[in-house]
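# Examination of the molecular architecture
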Amino acid sequence: MKKLLSSLVVLLLLVSCCLIAAFPTSATDINYDDFDIIDGVLIEYLGAGGDVVIPSVDADGNPVTHIDSRAFWKNTSVTSVVISEGIETMGSEVFEFCENLTEVSLPYSLTETGYSVFRYCNLYALTIPGNLKILNHDFSVGGPITDFVISSGVEELDRECVYGQFTELVLPESVYMVRGIFRGGMNVEVKEWRLYVLNPDCELGIIDGKDKFFEEYGSVGPLTYGYDGCKCKIAVYGLKDSPIKEYVNTYMKDKMGTVTARFVGMDQDEIDELEQKNEERSITKPTVDPNTNKEPEGEEGGNNNNNTNTGNNNNGAATNNGGSDSTLLIVVIIAAIVVILIIAVVVVVVVLSNSKKKKKKKKKAKKAVEAALDEATESVAEETTEEKGEEE
């Protein structure tokens, strides 16, 4: 019996440990000492690195809306970052030279950033949220990005805004100005790089009515400079007979002889299909307000997707908001149910064990009574035999 009870106690402890390990912790487990936050501004990250969740509230529950310039600058210990829904703006060079940063999740609430935010990081995937209207120059430079998504809602791409190893890019219909996507040396072995321009009136490489890139660099302007050994062909897809076709045929020629471009016409149905697919991969308005777990009043929510290597659907919504509390409640309920079941099993085992002991005692007592009766019967029989012998 003691061994059985010991085994049940050990089982209870193991189940509890598994539950704690299997579910995320609540917001109260965020160590706010890792962040220097003053008046709603994250000034500097002070933590040990690894996987970092940037909270949208401080230790007192006050909102945090801005990440200051160089808050993580040259921090080589950070490997992944989730920026919580609620962060609205970031300064320049926030994560510059974070060489071991490979994953990042941006929130839909992000509306403005400075330049060189992820310069010289090593991101493998990047999705730009639809509420960020302008993607500034050098936004993400120097990383091996293979999956780059521009969400519906983004309007302008500044010069040299991203480097990467992706071989195609879709510019949704919301994009009306492309000053430059990246510069050369990034897709050395690509035979033909594909750019899908879904807005037929999108201006490529035009600044103040002039093709600055073509004038200054004599290259393909909005796509790449064509140096550092970059030798590839570029296919620009757009609506048939749109101004994009004229632009490609007129300007997108590389005087350096390293890059050539051609135009590929598409029907409106093809453009609509690409727009829908891009919408499904975009970071758009969350369906549920992460701070209240309620539908935003008077507004309809959009898709809630974000493409990263982990494939998670987080929209930058961190574990320090309402969702964590509901998860914690579920964990507590499950743990309570498990504990009650184990206690019930223990009680049943104890009751059955006691019942079995009582039956054994009764059986033993019955045998003792029977034995005593048998002994008494034998004694009487012996006495009767002796008496008969004496009489004879």
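Everything discussed here concerns the structure shown above.
Before going into details, it helps to say that this report is about the structure given with it. (Residues numbered from 1 in each chain as written. Predicted model: local features only at pLDDT ≥ 70, side-chain atom pairs only at ≥ 80, totals over all residues. Heavy atoms only, no water.)

## Observations concerning the overall build of the chain
Helix and strand content of the chain: five helices and 19 strands. Counting all 392 residues of the chain, 41% fall into the buried class. Nonlocal contacts in the chain, meaning residues at least 24 apart in sequence, comprise 51% of its contacts between residues at least 6 apart. For the chain, the accessible area works out to roughly 21000 Å², and carbon and sulfur atoms hold 53% of it. (Helix = DSSP H or I, 4+ residues; strand = E, 2+ residues; numbered from the N terminus. Buried < 20%, exposed > 50% of the residue type's maximum accessible area, 1.4 Å probe, protein only. Contact = heavy atoms within 4.5 Å. Areas by Shrake-Rupley, 256 points an atom, 1.4 Å probe, with all protein chains shown as cover.)

## Some thoughts on a nonpolar patch on the surface
Taken together, the side chains of Ile333, Ile337 and Leu341 make up a nonpolar region of the molecular surface, amounting to roughly 280 Å² of accessible area. By the element assignment, Ile333 lies in helix α5 (residues 322-391). Assessed through its relative accessible area of 45%, Ile333 is described here as partly exposed. (Patch = residues over 30% accessible without salt bridge, like charges linked within 9 Å, V, L, I, M, F, W, Y side chains within 5 Å. Salt bridge = Lys/Arg side-chain N within 4 Å of Asp/Glu carboxyl O.)

## Observations regarding a negative patch on the surface
Together, Glu173, Asp269, Glu270 and Asp272 make up a region of like negative charge exposed at the surface. Locating Glu173 in the fold gives a position in the loop between β12 (168-171) and β13 (177-178). Judged by its relative accessible area of 35%, Glu173 falls in the partly exposed class. (Lys, Arg positive; Asp, Glu negative; His and termini not counted. Charge placed at Lys NZ, Arg CZ, Asp CG, Glu CD.)

## Structural notes on the nonpolar core
Ile54, Phe72, Phe95, Phe118 and Phe148 are the most contacted members of the largest nonpolar core, which totals 56 residues. In this structure Phe148 touches Leu126, Ile128, Leu135, Val162, Phe166 and Leu169, once residues within four positions along its chain are discounted. Core analysis: the next-biggest nonpolar cluster, separate from the first, contains eight residues, Val170, Tyr196, Val264 and Met266 among them. (Core = buried A, V, L, I, M, F, W, Y, C linked by side-chain atoms within 4.5 Å.)

## Observations regarding the packing of aromatic side chains
Scanning the entire structure with this criterion turns up 10 aromatic pairs. Over the face of the ring belonging to Trp73 we find Arg70, whose NZ or CZ atom lies 3.8 Å from the ring centre. (Phe/Tyr/Trp six-rings, centres within 6.5 Å; stacked < 30°, edge-to-face > 60°. Lys NZ or Arg CZ within 6 Å of the ring centre and 35° of its normal.)

## Focus on the environment of Trp193
Within the secondary structure, Trp193 is located in strand β14 (residues 192-197). Within the local environment of Trp193, its side chain forms a polar contact with the backbone oxygen of Phe166, the two atoms lying 2.8 Å apart. (Polar contact = N/O pair within 3.5 Å; in protein donor to acceptor, adjacent residues only side chain to side chain.)

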